[in-house]
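# Residue-level structure breakdown
Next come the chains, spelled out residue by residue.
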Amino acid sequence: MRLSRTFLPILKETPKEAEIVSHRLMLRAGLIRQEAAGIYAWLPFGLRVLRKIEQIVREEQNRAGAQELLMPTIQPADLWRESGRYDAYGKEMLRIADRHEREMLYGPTNEEMITDIFRASVRSYKDLPMNLYHIQWKFRDEVRPRFGIMRGREFLMKDAYSFDLDKEGARHAYNRMFVAYLRTFARMGLQAIPMRADTGPIGGDMSHEFIILASTGESEVFCDKAILDLPIPGEDTDFDSDLTPVIDAWTTPYAATDEMHDASAYEAVAEDARMSARGIEVGHIFYFGTKYSEPMGAKVAGPDGVEVPVHMGSYGVGVSRLLGAIIEAHHDEAGIKWPASVAPFHVGLINLKPGDAESDAACADLERQLTAAGIEVLVDDVDTRAGAKFATMDLIGLPWQLIVGPRGLKEGVVEIKNRASGERSTVSPQEAVTRLV
Ligand code: ATP
Ligand code: MG
Ligand code: MG
Ligand code: MG
């Protein structure tokens, strides 16, 4: 991909309306553009990152045994009357009337709709366990949309819903999602801490929020630092096996948000291991039993032939919010430092002298070799001074920069720079390719 032909509207000035660094950088690096309060257009580079995050979420959901479907964004109000939530949900729900004056809404979440899909075709415990998810836009008319896509009104969420015959089954479903979440966030270069969250009237210990520590986070959190050193479950995790030992390891050290904070339990943690900080909620998993299946009549016949309402859980990931969380965790003064797994391109190939035959040829050759090896390359072929090129490349935060110019080529070398560490080395073009693939 050529920078000269790319739609990348970079801002020179720091936008005044942006209060936190991730919002400022997303605007400056041309990732998003606000169209209305809390409503954003995703520009090409922002969309590339969003898609990569989405794909990691998808792979880990699939690995854990969940199945993807896609529900609509617009829902009929009547479904929500069945669960009793239509009136209860309040002003955060965007209510719409169609041309026949039928009441509709833009979904803020999908418990009702998935329960409707389930009850229409599943009759027996033999079809369980089942976990269905989608990655779809949501709308919540937040009182105070802010921090860019971090608290948008329209935002992309992955929401999964599990169905089991009983609470034991539901616990296993919950554990699978717990492990899937640990893996998902780690693959994006994030350290997400599962923290006890409020379960509401159902009670019990089956609700966790996954929190990224960041000074700009909206939640106040408390934890035992021991949780930061726990190993992430591997790719080879058997999701059909008993995952209780993993969950126990991750739920033993103290970790809670302010709503669930228990000061005496926290003070029992060694003083130098206590950490009170701010955090960003990037995921939330929840067991809610028969809260929707009961009123909506989602029942299956058990082994004894008796029909019972299914036990359900729901599992959300803030896919679009994750862009902000990743930038909060990976940036410096000069700009974004994307982790390789979500970067819009892997390598920024900087041609210091476009138009110079030798430089053009060397860049074309490097681009061809890297692309053939599956590396995504953005070639800066714009005719500007070197300083501006470096500043742009640092701002957009591709993990590697490969710098090619006539002076180096005379000596048979190019420069390679790692954006995250700042480390530079001067190597032959061939060696550069070897290092990058
Ligand atoms: P918050 O406490 O930030 O308002 P929530 O608890 O209301 O979030 P959930 O209903 O648990 O959100 O939704 C699942 C996930 O969707 C959240 O963990 C969060 O990552 C994401 N999310 C929720 N609201 C927004 C929003 N307004 N903008 C972007 N992402 C959001
Ligand atoms: Mg909310
Ligand atoms: Mg919350
Ligand atoms: Mg939540």
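For the structure, see preceding data.
Since the structure is predicted, the reported quantities are computational estimates derived from the model, not experimental observations.

### Some words on the sheet that holds strand 20 (residues 377-380)
- Across the sheet, which stays open at both edges, the five strands sit in the order 20-19-21-22-23 with mixed pairing between neighbours. Two strands lie at the open edges of the sheet, namely strand 20 and strand 23 (424-427), each paired on one side alone. The average undirected angle you get between the axes of adjacent strands in this sheet is 20°.
- Direction of pairing for strand 21 (residues 400-404) relative to strand 22 (residues 414-418): antiparallel, over a ladder of four bridges. For Ile 403, the partnering residue across the bridge sits in strand 22 and is Glu 415.

### Some thoughts on the site of ligand 1
- Taken together, 14 residues are adjacent to ligand 1, and Glu 142, Arg 151, Gly 152, Glu 281 and Arg 321 come closest.
- Between an oxygen atom of ligand 1 and a side-chain N or O atom of Arg 140, the distance comes to 3.0 Å.
- Alone, ligand 1 offers 580 Å² of accessible surface; in the complex the protein occludes 80% of this.
- Secondary-structure elements contributing two or more residues to the shell around ligand 1 are strand 8 (154-164) and strand 13 (274-289).
- In terms of residues, the shell around ligand 1 owes the most to one element, strand 13, which gives four residues.
- Among the residues making up the shell around ligand 1, the classes are represented as five nonpolar, four polar and five charged.

### Quick word on the side chain of Thr 115
- As for its position among the elements, Thr 115 is in helix 5 (residues 111-121).
- Classification of Thr 115 as buried rests on a relative accessible area of 0%.
- Those residues in contact with Thr 115 that lie beyond four places of it in its chain are Tyr 292, Ser 293, Met 296, Ala 298 and Met 312.

Reading the values: the criteria
Residues numbered from 1 in each chain as written. Chains lettered and ligands numbered in written order. Predicted model: local features only at pLDDT ≥ 70, side-chain atom pairs only at ≥ 80, totals over all residues. Heavy atoms only, no water. Pairing = 2+ DSSP bridges. Helix = DSSP H or I, 4+ residues; strand = E, 2+ residues; numbered from the N terminus. Axes fitted to C-alpha atoms, helices over the stretch in contact; angles between N-to-C directions. Near = heavy atom within 4 Å. Polar contact = N/O pair within 3.5 Å; in protein donor to acceptor, adjacent residues only side chain to side chain. Areas by Shrake-Rupley, 256 points an atom, 1.4 Å probe, with all protein chains shown as cover. Nonpolar A, V, L, I, M, F, W, Y, C, P; charged D, E, K, R; others polar. Buried < 20%, exposed > 50% of the residue type's maximum accessible area, 1.4 Å probe, protein only. Contact = heavy atoms within 4.5 Å.

Shape descriptors only; they carry no functional weight alone.
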